[in-house]
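# Close look at the chain arrangement
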Amino acid sequence: MSVSFDYRAFRWVQTMIFAIEEINKNGTLLPGVSLGYKIADSCDNVHDGLRGALTLVNGNDEAVLSPKCNKSFPVSAIIGLASSSPTRAVAHTIGPFGVPLISYFATCACLTNKREFPTFLRTVPSDLFQVRGLVQLVTHFKWTWVGAVATDDDYGQYGLQSFAEQLKEHGGCLSFYKTIPKTYSAEKIRQIVETIKSSTAKVIIVFTTEGKFSELLKEVIRQNVTGRQWVASEAWVTATLLSTTEFQETLGGTIGFAFRSAQIPGLRDFLWRIRPSPSPESVFVNMFWEKLFDCKLNFPGVKTNYLAPNSHICTGSEDFRATNNIYSDVSQLRVSYNVYKAVYGIAHALHELLECKHKGEALGNRACKAVFPFEHRQLLNYLKKVDFINQFGERVNFDENGEPVPLYDIINWQKDDSGNIRFVKVGSFDASTPKGTQLNINEKDIMWYDGQEQVPRSVCSKSCPPGTRKAIRVGEPLCCFDCLPCAEGEISYESDSTECTKCPPDHWSDKDRTMCEPRAIEFLSFQDTLGIILVILTFVGVSVTLATVVIFYNCRSTPLVRANNSELSFLLLIALALCFLCSLLFIGKPSVWSCMARHAAFAISFVLCISCILVKTIVVLVAFRATLPGSNAIKRFGPLQQRAIIFLCTVVQAVLCALWLIVAPPFPFKNTSYQGGKIILECKDGSTLAFYLVLGYIGLLSCVCFVLAFLGRKLPGTFNEAKFITFSMFIFFAVWISFIPAYQSSPGKYTVAVEIFAILSSSFGLLICIFAPKCYIILLRPEKNTKKSITCSKIKKNNTL
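As the structure is a computational prediction, the values presented were derived from the model and not from experiment.

Looking only at helices and strands, one finds 21 helices and 24 strands in the chain. Put simply, the chain has 801 residues, and 51% of those count as buried. Put simply, 68% of the contacts in the chain that link residues at least 6 apart link residues at least 24 apart. For the chain, the accessible area works out to roughly 37900 Å², and carbon and sulfur atoms hold 57% of it.

In structure tokens:
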């Protein structure tokens with residue numbers, strides 16, 4: 001004990017003495033053997049801890065002794081120390097001597113290393129398990145953005161490091177972590193509080209002792225920092241020092257992990273029985289008495305020098321049962337219970353050693369039945385194998401690392417009706433059970449800071465709703481992110497998704513980007529308004545063409561029709577009718593046969609049409625040359641030759657189409673990339689080369705026809721058909737040249753509509769340009785439908801139409 005007397009530590013010492021006396025009265029445990037003890041003050045620092053431990057091991061008389069102990073006999077085992085740093089130093093020093101060291105409060109995970117600390121055991125779980133529980137607690141309440149404060153020692157540093165690593169594995173982040181210096185510094189404390197105040201983290205994990213934390217809390221109160229949820233480590237979660245009125249408003253609602261507690265029968269009466277005495281072994285009792293009653297004992301020959309000389313004199317008969325102090329508070333014995341288990345653990349190991357329960361395991365060449373003095377390593381060997389059920393029904397044993405079963409209570413700081421803080425158990429943590437079942441907590445029983453019943457939120461960024469994904473901010477922790485909406489065709493159906501999931505090819509995301517819906521199937525159907533209009537235009541074109549056929553057939557004996565080579569005219573009209581009708585193949589749902597038929601029909605019918613116009617153009621030029629003296633061109637280019645040219649031109653296109661359909665025919669295709677949310681049913685070309693060969697052949701015949709017609713445009717004659725053919729080719733080229741950009745830029749079903757419109761436009765252009773003038777003469781100017789009118793009287797040259 002130090003000058004600043006620690007009532008809790010004194011109660012721990014008295015609990016050890018109580019357990020020893022209880023064992024000595026037990027007739028079944030260590031029969032015929034009485035346990036003794038020596039007490040040394042560590043003053044909670046490394047230097048005094050080492051001095052006290054070496055005093056106990058060496059049997060030095062400076063230690064406070066039990067009156068029944070042999071003063072020269074070293075202790076068989078050491079129970080202590082309370083803090084991790086002094087314990088680590090002592091364990092490292094006495095380890096080579098094989099002296100068992102059992103701690104009741106040193107929780108640093110660094111002490112688990114058996115190669116460095118082979119004789120160290122403890123009745124308190126390692127911070128490794130506490131940190132695991134704290135991380136599960138933080139994860140359970142979805143606190144992803146927390147701060148951390150720790151003391152600048154082994155306990156705080158190892159605990160904080162382990163917590164940060166495990167928190168990161170579970171997707172959480174530390175907003176800040178600060179260490180409280182070993183030596184009090186007002187400036188550093190102020191800086192820590194400024195960090196807490198400026199941070200957006202509402203939850204703060206604290207790995208520190210109650211004394212160090214109280215220094216920080218005073219500055220927190222001074223700066224009026226509120227609205228923080230404190231999460232306590234076991235070092236201060238049940239600290240009475242911090243539950244006073246001064247800290248109640250700040251720490252109300254605190255939640256944290258505490259060691260398992262127990263009610264030890266008879267301990268309260270034992271604590272009340274102590275009285276000051278002039279004997280040397282009562283030095284701590286005397287210090288306790290003087291501190292509690294703020295007085296000075298006046299035993300003859302004994303100088304305590306604990307208080308100032310002007311303090312009033314103690315009688316030694318004062319009644320401290322009426323006082324309210326930590327020492328006599330046995331309502332929740334946690335650390336004291338760990339001391340109690342440590343004493344009983346040593347007693348059971350010593351019993352096993354003396355009774356030779358494990359034959360063949362005694363060290364060296366000694367006989368199994370041990371005699372005093374026995375070696376420390378013999379007791380250590382049995383101590384590691386201790387396994388018994390104590391009077392509270394709890395199993396006491398140590399694993400291969402000297403660790404007990406990791407059990408914790410989850411404590412919540414709540415105000416009672418009188419306004420005082422109560423430590424209420426709201427759950428438990430058992431690290432020995434399978435994952436997923438270790439943490440048990442009753443959320444409805446928890447009271448949070450400021451008396452809130454709703455779980456506080458502590459996140460760097462708000463949760464990303466379904467339909468969005470998390471985008472990490474550059475240079476910031478993973479918990480700080482922006483929420484970006486999923487792209488079209490992608491969804492996220494869970495909150496805080498890191499990636500969006502692409503919809504299947506035949507599905508598309510809804511407007512909220514949370515579900516994949518079947519895509520709308522689009523094609524130019526006969527039920528669409530556009531499809532109906534195109535069908536009407538198609539039948540108009542066919543009707544006009546058939547009407548022209550009827551007119552020419554009824555007037556087939558007139559000079560105009562006869563002069564126009566009626567056979568070519570009828571064939572051309574039939575070809576035009578086929579051109580109009582082939583547009584119907586482009587309407588409706590694409591299938592294998594419709595895709596093949598539409599391209600073949602379009603290519604062959606247009607070649608047939610252009611072939612007829614080409615022959616008519618050649619006839620015009622040949623007829624002009626036939627009027628020249630000595631020319632027999634008209635005989636060389638008679639009906640047979642005309643039919644042959646049309647047949648050959650058409651056959652070439654038919655062969656190209658046949659090869660196309662055999663090698664790589666057009667096929668129906670679901671286009672899912674052109675327009676989001678829709679599946680465009682279209683016909684793929686199959687072979688691109690064949691497609692361009694077919695179109696190129698049509699273009700070649702059109703160019704040849706246009707050139708020949710252009711050459712004959714100025715031939716004399718009343719009805720020079722070359723002029724009309726030239727104009728019709730102009731329209732044909734204009735339509736198909738403008739078709740290319742329109743076709744490429746039209747979306748969905750309008751692509752097919754543009755193609756149909758080009759077919760209809762070019763067909764109407766040919767029909768009107770070539771046959772409209774003739775129908776006009778036949779129907780409206782019959783007086784010009786005479787042989788005389790269609791003959792050039794001056795030159796007498798016949799323009800065969």
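Next up on the list: the confidence of the model for the chain. Caution applies to low-pLDDT parts of the model: their predicted coordinates are not meant to be read in detail. On average, residues of the chain score 84 in pLDDT, and 89% of them reach the 70 mark or higher. Note on residues 359-367: pLDDT under 50 across the span, and eleven contacts to partners over four residues away in sequence or across chains. Note on residues 792-801: pLDDT is under 50 here. Beyond four places in sequence and across chains, it has 32 contacts.

Looking now at helix α5 (residues 154-169). For α5, with 16 residues, the first-to-last C-alpha span of 23 Å sits near the 22 Å given by 1.5 Å per residue. Of all the residues in α5, the buried ones are D154, Y155, G156, G159, L160, S162, F163, Q166 and L167. The inward-facing, buried residues of α5 contact α3 (84-94), α4 (127-140), β6 (145-151), β7 (173-180) and β8 (203-207). Two residues or fewer after α5 comes G171, characterised by a positive phi angle close to 85 degrees.

If you walk across this open sheet you meet the three strands as β22-β24-β23, and the pairing is mixed. Each edge of the open sheet carries a strand with a single partner, namely β22 (520-522) and β23 (667-671). On average, each strand axis in the sheet is tilted by 30 degrees relative to the strand beside it, whichever way the strands run. Examined bridge by bridge, β22 and strand β24 (residues 678-684) share three bridges and lie parallel to one another. The residue bridging E522 from the neighbouring strand is I680, located in β24.

A few words now on the packing of aromatic side chains. In the structure shown here, the tally under the stated rule is 35 aromatic pairs. Ring geometry for W12 versus Y104: centroids 5.5 Å apart, planes at 65 degrees, classification edge-to-face. Of this pair, W12 sits in helix α1 (residues 7-24) while Y104 sits in the loop between β4 (101-103) and β5 (120-122), placing them 92 residues apart in sequence. The residues W12 and Y104 share a single accessibility class, namely buried. Aromatic pair F288 and Y327: ring centres 4.6 Å apart, planes at 50 degrees, arrangement tilted. Of this pair, F288 sits in helix α10 (residues 283-293) while Y327 is found in the loop between α10 and α11 (335-355), placing the two residues 39 residues apart along the sequence. For F288, a relative accessible area of 0% gives the class buried. Members of the aromatic cluster, each reached through a chain of ring pairs, are W12, Y104, F105, F257, F259, Y408 and F429. For K470, the ring lying beneath its charged end belongs to F481, and the centroid distance is 4.8 Å.

Further remarks concern the state of the cysteines. The full count for this structure, using the stated rule, is eight disulfides. The disulfide bridge from C108 ends at C110, spanning 2.3 Å between sulfur atoms. Between C108 and C110, the S-S dihedral sits near 135 degrees, and the bridge is therefore right-handed. On the basis of relative accessible area, C108 is assigned to the buried category, the value being 1%. Note that C460 is cross-linked by a disulfide to C480, the S-S spacing being 1.9 Å. Between C460 and C480, the S-S dihedral sits near 100 degrees, and the bridge is therefore right-handed. Of the two residues, C460 sits in the loop between β15 (439-441) and β16 (468-472) while C480 sits in the loop between β16 and β17 (481-485), which places them 20 residues apart along the sequence. Looking at the unpaired C555, the closest cysteine sulfur is the one in C775, lying at 8.8 Å.

So, on to the pattern of salt bridges. Under the defined criterion, the tally for this structure stands at 16 salt bridges. Across the salt bridge formed by E187 and R190, the nearest N and O atoms sit 2.5 Å from each other. Note that E187 and R190 are positioned in helix α6 (residues 186-198) at a spacing of three residues, about one turn of the helix. Taking the relative accessible area as the measure of exposure, E187 reaches 41% and is therefore partly exposed. Judged by relative accessible area, R190 falls into the partly exposed class, the value being 31%. Of the charged contacts, one joins K678 and E522 as a salt bridge, the two residues approaching to 3.0 Å between their closest N and O atoms. Here K678 is found in strand β24, whereas its partner E522 is found in strand β22, with 156 residues between them in sequence.

This brings us to α1. The end-to-end C-alpha distance of α1, which contains 18 residues, comes to 26 Å, matching closely the 26 Å that a straight helix rising 1.5 Å per residue would cover. Within α1, 15 of the 18 residues are buried, leaving the element largely enclosed by the surrounding structure.

Cut-offs and rules
Residues numbered from 1 in each chain as written. Predicted model: local features only at pLDDT ≥ 70, side-chain atom pairs only at ≥ 80, totals over all residues. Heavy atoms only, no water. Helix = DSSP H or I, 4+ residues; strand = E, 2+ residues; numbered from the N terminus. Buried < 20%, exposed > 50% of the residue type's maximum accessible area, 1.4 Å probe, protein only. Contact = heavy atoms within 4.5 Å. Areas by Shrake-Rupley, 256 points an atom, 1.4 Å probe, with all protein chains shown as cover. pLDDT = per-residue confidence, 0-100. Expected span 1.5 Å × (residues − 1). Pairing = 2+ DSSP bridges. Axes fitted to C-alpha atoms, helices over the stretch in contact; angles between N-to-C directions. Phe/Tyr/Trp six-rings, centres within 6.5 Å; stacked < 30°, edge-to-face > 60°. Lys NZ or Arg CZ within 6 Å of the ring centre and 35° of its normal. Disulfide = S-S within 2.5 Å. Salt bridge = Lys/Arg side-chain N within 4 Å of Asp/Glu carboxyl O.

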